[in-house]
Amino acid sequence: MGVKHGRDYGDILKELTEAVGRISDSYVFLRWILRTGTGWVDSEKNEVHEALAEDLFYALGTEPVITVGSGVVMHDQANHRIHILIGEEELAFVPLV
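Residues numbered from 1 in each chain as written. Predicted model: local features only at pLDDT ≥ 70, side-chain atom pairs only at ≥ 80, totals over all residues. Heavy atoms only, no water.

**Quick word on the overall build of the chain**
When its secondary structure is counted, the chain shows two helices and four strands. Taking all 97 residues of the chain together, 35% fall into the buried category. In the chain, of all internal contacts separated by at least 6 residues, the share reaching a separation of at least 24 is 49%. (Helix = DSSP H or I, 4+ residues; strand = E, 2+ residues; numbered from the N terminus. Buried < 20%, exposed > 50% of the residue type's maximum accessible area, 1.4 Å probe, protein only. Contact = heavy atoms within 4.5 Å.)

**A short note on the environment of Glu 15**
Tracing the chain through its elements places Glu 15 in helix H1 (residues 9-21). The partly exposed category is assigned to Glu 15, whose relative accessible area is 29%. Remark: the alpha-carbon pair of Glu 15 and Ala 53, spanning 38 residues in sequence, is separated by 9.0 Å. Leaving out residues up to four positions away in the same chain, Glu 15 has contacts with Arg 7, Val 94 and Pro 95.

**Side note on the layout of surface pockets**
Roughly 200 Å³ of internal volume is contained in the largest pocket. As for the largest pocket, its lining consists of 13 residues, of which Val 3, Lys 4, Gly 61, His 75 and Gln 77 are closest to the centre. When its residues are assigned to classes, the lining of the largest pocket shows five nonpolar, six polar and two charged. (1 Å grid on protein atoms, 1.4 Å probe; cavity = no way out; pocket = protein on both sides within 12 Å on 5 of 7 lines; lining within 4 Å. Points joined across faces, edges and corners; volume = space filled by probe spheres on them. Nonpolar A, V, L, I, M, F, W, Y, C, P; charged D, E, K, R; others polar.)

**Looking at the pattern of salt bridges**
All told, the structure shown has one salt bridge when counted by the stated rule. A salt bridge links Glu 15 to Arg 7; the nearest nitrogen and oxygen atoms lie 2.7 Å apart. (Salt bridge = Lys/Arg side-chain N within 4 Å of Asp/Glu carboxyl O.)

**Focus on H1**
Taking 1.5 Å of rise per residue, 13 residues should cover 18 Å, and H1 covers 18 Å from first to last C-alpha, within 8% of that figure. Capping the start of H1, Asp 8 holds a side-chain oxygen 3.1 Å from the backbone nitrogen of Gly 10, two or three residues further along. (Expected span 1.5 Å × (residues − 1). Polar contact = N/O pair within 3.5 Å; in protein donor to acceptor, adjacent residues only side chain to side chain.)

**A look at the sheet that holds strand E1 (residues 65-68)**
Strand pairing in a sheet relies on backbone hydrogen bonds. The paired strands run either parallel or antiparallel. The strand order across the open sheet built from four strands is E1-E2-E3-E4, with neighbouring strands paired in antiparallel fashion. Of all strands in the sheet, those with a lone pairing partner are E1 and strand E4 (89-95), marking the two edges. Strand after strand, the sheet turns through a mean of 20 degrees between neighbouring axes, direction not considered. Relative to strand E3 (residues 81-86), strand E2 (residues 71-76) runs antiparallel, the two sharing five bridges. By the bridge assignment, Met 74 is partnered in E3 with His 83. With respect to the sheet, H1 is in contact with E2, E3 and E4, its orientation differing from that of E4 by roughly 170 degrees. (Pairing = 2+ DSSP bridges. Axes fitted to C-alpha atoms, helices over the stretch in contact; angles between N-to-C directions.)

**Comments concerning the pairing of E2**
In summary, the side chains of a regular strand alternate between the two faces of the sheet. Summarising the sheet, E1 and E2 pair through four bridges and their orientation is antiparallel. Directly across from Thr 67, in E2, lies its bridge partner Val 72. Taking the residues that link successive antiparallel strands as the turn, the E1-E2 hairpin has two residues, and the phi of Gly 69 there is positive, at about 60 degrees. Between E2 and E3, which pair antiparallel and follow one another directly, the connecting turn spans four residues, one of which, His 80, has a positive phi of 55 degrees.

Dropping the structure here:
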């Protein structure tokens, strides 16, 4: 189902993709091993982060807090935002309206 939103889904997905990309070990959520060196190109990293962002968007509709690697992604229903944190530090937030 996903979270309720008033903004264009494509814009939300783009911003959420960028935000989860800031979690250095976000790939752990998908149980993938990050290949180093020439194994990953930027387009591949973006595809992985976009797939993760899509999964998170829909999962946040039923689970308001999800651990992603060393980060946490939270749906703030009252303020219509998705927050991305590592510890107490907010890396980013994505407005839903």
